[in-house]
Amino acid sequence: MHVAVPVTTGAVTQQCAALSKALPATLMGLAKRGTTPTSANTAAWGDPAVTWRCGTGLPDALNPQSKDYNPSDNANLSGVDSGGICWAVVRSQTDQSVTFSSVDQQAIVELRIPRDYANQQSPVSLLAPAVAKASPLDPDRKFSCS
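A brief report on the enclosed structure follows. (Residues numbered from 1 in each chain as written. Predicted model: local features only at pLDDT ≥ 70, side-chain atom pairs only at ≥ 80, totals over all residues. Heavy atoms only, no water.)

### So, the overall build of the protein
- When helices and strands are tallied, the protein shows 3 helices and 8 strands.
- Of the regular secondary structure in the protein, the N- to C-terminal order runs α-β-β-β-β-α-β-β-β-β-α.
- The C-alpha radius of gyration of the protein comes to 14 Å, within 12% of the 15 Å expected for a compact globule of 146 residues.
- Viewed in the frame of its principal axes, the protein has a C-alpha envelope of about 35 × 35 × 30 Å.
- In the protein, buried positions account for 43% of the 146 residues.
- Here the protein contributes 11 positive and 11 negative side-chain charges, whose respective centroids are spaced 7 Å apart. (Helix = DSSP H or I, 4+ residues; strand = E, 2+ residues; numbered from the N terminus. Rg over C-alpha atoms; globule rule 2.2 N^0.38 Å. Buried < 20%, exposed > 50% of the residue type's maximum accessible area, 1.4 Å probe, protein only. Lys, Arg positive; Asp, Glu negative; His and termini not counted. Charge placed at Lys NZ, Arg CZ, Asp CG, Glu CD.)

In structure tokens, the structure reads:
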């Protein structure tokens, strides 16, 4: 399964490597599978694949440099049941997948869930403790999660 690898440096590279080691063998009842290219910054489970990328940038809806910047209309910030991690939740208009991004951490983690799993409970609360442990808060980012 091809998953685009985020380019990371320094502390973010170390944080992503630590987080990669903490990822579960199964997620949402789906078995972990290989990704290409092989990287500590990517993982996948199941088919169609739930994909994980570490070291991404902010979602376009929250990035003032993006043409799609519009935090009030395109993303829903949620901290409920997320282990203290502020997750931006963005639904794709193209394929109806949902992407969760940990927007306050130094190493931003992105979890993309295909619409095939829409009726299942989100696994972000299960991943949140590992994300919080591996990647500290970025003092320059403070999104308002509730």
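Back to the write-up after that little detour.
### Here's the deal with the pairing of strand E3 (residues 42–45)
- With burial as the criterion, each face of E3 is covered, one bearing Thr42 and Ala44 and the other bearing Ala43 and Trp45.
- Bridge count between E3 and strand E4 (residues 50–56): 4 bridges; the pairing is antiparallel. Note on E4: the bridge partner recorded for Ala43 is Trp52. (Pairing = 2+ DSSP bridges.)

### Quick notes on the nonpolar core
- Counting 25 residues, the largest nonpolar core has Trp45, Val50, Trp52 and Leu111 as the members making the most contacts within it.
- Contributing elements (two or more residues each) for this core: helix H1 (10–22), E3, E4, strand E7 (98–102), strand E8 (108–113) and helix H3 (124–134). (Core = buried A, V, L, I, M, F, W, Y, C linked by side-chain atoms within 4.5 Å.)

### Some thoughts on the environment of Met28
- With respect to the helices and strands, the residue Met28 is situated in the loop between strand E1 (26–27) and strand E2 (30–33).
- The exposure class of Met28 is buried, given its relative accessible area of 18%.
- Separated by 21 residues in the primary sequence, Met28 and Val7 have C-alpha atoms spaced 27 Å apart.
- Every residue in contact with Met28, bar those within four places of it in the chain, is listed here: Val50, Ile113, Tyr117, Gln120, Gln121 and Pro123. (Contact = heavy atoms within 4.5 Å.)

### Quick look at the pattern of salt bridges
- Scanning all chains against the criterion turns up 5 salt bridges.
- In this structure, Arg33 engages Asp47 in a salt bridge whose closest nitrogen and oxygen atoms are separated by 4.0 Å. Taken as a pair, Arg33 in strand E2 and Asp47 in the loop between E3 and E4 lie far apart in primary sequence, 14 residues in all.
- Overall, Arg33 belongs to the partly exposed group, its relative accessible area being 30%.
- Residue Arg141 is joined to Asp138 by a salt bridge in which the shortest nitrogen-to-oxygen separation is 3.1 Å.
- Here Arg141 falls in the buried class, since its relative accessible area comes to 18%.
- With a relative accessible area of 14%, Asp138 lands in the buried category. (Salt bridge = Lys/Arg side-chain N within 4 Å of Asp/Glu carboxyl O.)

### Things to note about the environment of Met1
- Position of Met1 relative to the elements: it lies in the segment before H1.
- A relative accessible area of 37% places Met1 in the partly exposed class.
- In this view, Met1 contacts Arg33, Gly34, Thr35, Thr36, Ala44, Ala49 and Thr51; residues no more than four positions away in its chain are not counted.

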